[in-house]
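Inside the fold
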Amino acid sequence: MHIIIIFFFFMILVMRVGFNSIIILPDSPSFIAGDKYVILDPHEWYFNGGVKFDFVEERLAEEYPDQFCPFRIPCDEPFKGTIFRYPLCTSEDSIDSDISKKIYKPEEILNIL
């Protein structure tokens, strides 16, 4: 998982391809910055383009532990920095996706590196 994050860092900051270039991999990327948890929803399947929460004050990690487990950070205090999550699209998700029908497996992402 850390390799995938490094890959996106490389693509966005080093290769300067921009954030939009990675949107073909996950359908709903999210990130934590400070006390904010942001979910982007370009399909507008669940939110109107995206949503922002105060995950510390709202104690979201207690109610939705599976959403916060991949971040591997303490969720009872603001995070000092920004951390991104790019969940890969499943075969079920790709059927309805208007962004991409391609299903990337973790091994493929590692091979891209």
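Criteria and cut-off values
Residues numbered from 1 in each chain as written. Predicted model: local features only at pLDDT ≥ 70, side-chain atom pairs only at ≥ 80, totals over all residues. Heavy atoms only, no water. Helix = DSSP H or I, 4+ residues; strand = E, 2+ residues; numbered from the N terminus. Contact = heavy atoms within 4.5 Å. Areas by Shrake-Rupley, 256 points an atom, 1.4 Å probe, with all protein chains shown as cover. Core = buried A, V, L, I, M, F, W, Y, C linked by side-chain atoms within 4.5 Å. Buried < 20%, exposed > 50% of the residue type's maximum accessible area, 1.4 Å probe, protein only. Salt bridge = Lys/Arg side-chain N within 4 Å of Asp/Glu carboxyl O.

**A look at the overall build of the chain**
- The helix and strand inventory of the chain stands at five helices and four strands.
- Each helix and strand of the chain, ordered N terminal to C terminal, gives the series α-β-β-β-α-α-β-α-α.
- For the chain, long-range pairs separated by at least 24 residues make up 44% of all intrachain contacts whose partners lie at least 6 apart in sequence.
- A total accessible area of about 7,500 Å² is found for the chain, and carbon and sulfur atoms account for 57% of it.

**Quick notes on the side chain of Asp-54**
- Position of Asp-54 among the secondary structure elements: in strand 3 (residues 49-54).
- Asp-54 has contacts with Asp-35 and Lys-36, leaving out every residue within four places of it along the chain.

**Concerning the nonpolar core**
- One finds Ile-32, Tyr-37, Phe-55, Phe-68, Phe-71, Ile-73 and Cys-75 to be the most contacted residues of the largest nonpolar core, which totals 13 residues.
- Among the secondary structure elements, those contributing two or more residues to this core are strand 2 (36-41) and helix 2 (60-63).
- Filtering out sequence-adjacent residues up to four positions away, Phe-71 remains in contact with Ser-30, Phe-31, Ile-32, Tyr-37, Ile-83, Phe-84 and Arg-85.

**Focus: the pattern of salt bridges**
- Summed over the entire model, instances satisfying the criterion amount to three salt bridges.
- Residues joined in a network through salt bridges with shared partners are Asp-35, Lys-36 and Asp-54.

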